[in-house]
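Structural overview
Residue-level listing of the chains:
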Amino acid sequence: MNDKKELIRVEDLHKSFGSLNVLKGVTEQVEKGEVVSVIGPSGGGKSTFLRCLNLLEVPTSGHIYFEGVDITDKNVDINLHRQKMGMVFQHFNVFNNLTVGKNVTLAPVLLGKKDQKAADEMAKELLDRVGLYEKVDQYPKKLSGGQKQRLAIVRALAMEPDVMLFDEPTSALDPEMVGEVLQVIKDLVKTGMTTVIVTHEMGFAKEVSDRVLFMDGGLIAEKGTPDEVFNHPQNPRTKEFLGKVLY
Amino acid sequence: MEFFIVMSKVWSQYWRLFMHGLGMTLLMGFLTVLASTVFGSLMALMRRSNWGIGKVKPLQAIAIAYVEVIRGTPILLQLYFFYFMLPKWLPFLNLSEFACVLIACCVNSTAYVCEIVRAGIQAVDYGQTEAARSLGLNSRQTMLHIVLPQAVKNILPALCNEFVAIVKETSLASTFFIGELMTQFKTINGITFRVLEPLTIVGIIYFLLTFTLSKAIAVFERRLNASER
């Protein structure tokens, strides 16, 4: 009996920018509660793949099913589905015009999930968890990179998503701030949150993932458990890539 | 020395005319600024709109054509155009000369403000939009709550320059003798046959006006920035 439930299914996903084919037919699924890391060389299509999952990039062809609904269908209101897919960006993208607290509460209040009072309480709890509650009334300008990224994670969590998508969450951070952000993601993964994370932190991917996807040339070149991919890679490209990367 | 004596004489004798001119200039400038900010912002949103049938985006096309035509022709030509054609085409409105000239100024300035607002919106990091959309906000909510509040800070300095320019451009309206500052210079020049003295007075009034305006906006700008520190 398979007791795991499919959350996202991607079928033959293609994406091109002009004449540049970035994704050349990706088929993959993510199950509920699963932690999937996507690794691979730059330009291999990792980020584009992730950004297609919530349609920040509109696929050229192929289908993406989220909780059973084909979100690539033009008649689907993507805004409703995005509410259940949290996303964290490489460059944080915290809202510069809003205080830390408002960054967290804006979407839940605006989209009618919570009234301001309930949202404030939730923001307090979430910000406390990542050690940012003392900054609740400050503007993001005052935050360090690591703090901004923790805020961005909390902002996404405030929508109580069913899946979290991380797009190289530590690539723009000073080395000493990487740890604090990875710790927050680790804690989140422990709660059973379904997570897809594009990352260059191989050690981290190895430690937290249920499955690892190695993407190269717009395709998933290899996939498996962290042990399979990191310790016994089959594809020569995977071997070459892992041989060059220090971790 | 004689220059100052004549100037003070001109001032003491005709200060009422100067003040009346100042009033008209202020009124025109204020109304133009108000109208062009409103219509210019709407035009900028039109220019950015993706609404359309197939590849044709009518709103965007109208906005682009409008901006290009207005920016591509002299403001004096536009003043003549509206001054003569509006009463002819819309006689039932009974537009005064002042109204025609005012409309021309608004039409002209709207095009420039449109470009200022558009550039200000574009300068906001696209990541802000992506983050908002990824949370499930629609494009209108994103524009209203995230992009526009940040765009205002990019827009304000350029808008300040435009306001100062508008106040000065109203002087072209003196072509039609509608009573603003430059018209008063022509009147006083006609009575006294003096050029330098009344012209200097008018120049000082213009300068004080625009200088005050830019200082006032600079203070406003600083306040706006302080709110995020």
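Above this note sits the structure.
This is a predicted model, so every value here is computed, not measured.

This next bit is on the overall build of chain A. Each helix and strand in chain A was counted, giving nine helices and ten strands. Its C-alpha atoms give chain A a radius of gyration of 18 Å, near enough to 18 Å, the size a compact globule of 247 residues would have. The principal-axis extents of the C-alpha atoms in chain A amount to approximately 55 × 45 × 45 Å. A total of 247 residues make up chain A; the buried ones form 55% of that total. In chain A, the share of contacts with a sequence separation of at least 24, taken over all contacts with a separation of at least 6, comes to 67%. A total accessible area of about 10,900 Å² is found for chain A, and carbon and sulfur atoms account for 49% of it. In chain A, 31 positive and 35 negative side-chain charges are present, and the distance between their average locations comes to 3 Å.

Taken together, the contact between chain B and chain A spans 20 residues of the former and 25 residues of the latter. Of the roughly 2,000 Å² buried between chain B and chain A, counting both surfaces, carbon and sulfur atoms make up 57%. Here chain B and chain A share one salt bridge between them. Note that Glu-130 of chain B is salt-bridged to Arg-51 of chain A, the shortest N-O span being 2.5 Å. Linking chain B with chain A are seven residue pairs in polar contact (both at pLDDT 80 or more), by the criterion used here. Broken down by secondary-structure element, the contributors of at least two residues to the side of chain B that touches chain A are helix H5 (126-134) and helix H6 (139-169) of chain B. Considering every element that reaches the side of chain B that touches chain A, the biggest residue donor is H5 of chain B, with seven residues. Here the residues of the side of chain B that touches chain A are counted per class, giving six nonpolar, nine polar and five charged.

The next thing to look at is unusual backbone geometry. With a phi close to 45°, Glu-168 of chain A is a non-glycine residue in the positive phi region. With respect to the helices and strands, the residue Glu-168 of chain A is situated in the loop between strand S7 (163-167) and helix H6 (175-190). For Phe-177 of chain B, which is not glycine, the phi dihedral falls at a positive 55°. The residue Phe-177 of chain B is located in the loop between H6 and helix H7 (181-192) in this model. On the accessibility criterion, Phe-177 of chain B (48% relative accessible area) is partly exposed.

Residues and elements named next belong to chain A. Within S7, five of the five residues are buried, leaving the element largely enclosed by the surrounding structure. The alternating pattern of S7 places Val-163, Leu-165 and Asp-167 and Met-164 and Phe-166 on opposite faces, both of which are buried. Bridging between strand S6 (residues 85-88) and S7 involves four bridges; their strand directions are parallel. Bridge pairing in S7 places Met-87 opposite Leu-165. A crossover connection joins S7 to the parallel strand S8 (residues 194-198) through H6; in handedness this β-α-β unit is right-handed.

Definitions and cut-offs
- Residues numbered from 1 in each chain as written.
- Chains lettered and ligands numbered in written order.
- Predicted model: local features only at pLDDT ≥ 70, side-chain atom pairs only at ≥ 80, totals over all residues.
- Heavy atoms only, no water.
- Helix = DSSP H or I, 4+ residues; strand = E, 2+ residues; numbered from the N terminus.
- Rg over C-alpha atoms; globule rule 2.2 N^0.38 Å.
- Buried < 20%, exposed > 50% of the residue type's maximum accessible area, 1.4 Å probe, protein only.
- Contact = heavy atoms within 4.5 Å.
- Areas by Shrake-Rupley, 256 points an atom, 1.4 Å probe, with all protein chains shown as cover.
- Lys, Arg positive; Asp, Glu negative; His and termini not counted.
- Charge placed at Lys NZ, Arg CZ, Asp CG, Glu CD.
- Buried area = accessible area lost by both parts, 1.4 Å probe.
- Salt bridge = Lys/Arg side-chain N within 4 Å of Asp/Glu carboxyl O.
- Polar contact = N/O pair within 3.5 Å; in protein donor to acceptor, adjacent residues only side chain to side chain.
- Nonpolar A, V, L, I, M, F, W, Y, C, P; charged D, E, K, R; others polar.
- Pairing = 2+ DSSP bridges.
- Right-handed = clockwise from strand over helix to strand, strands pointing away.

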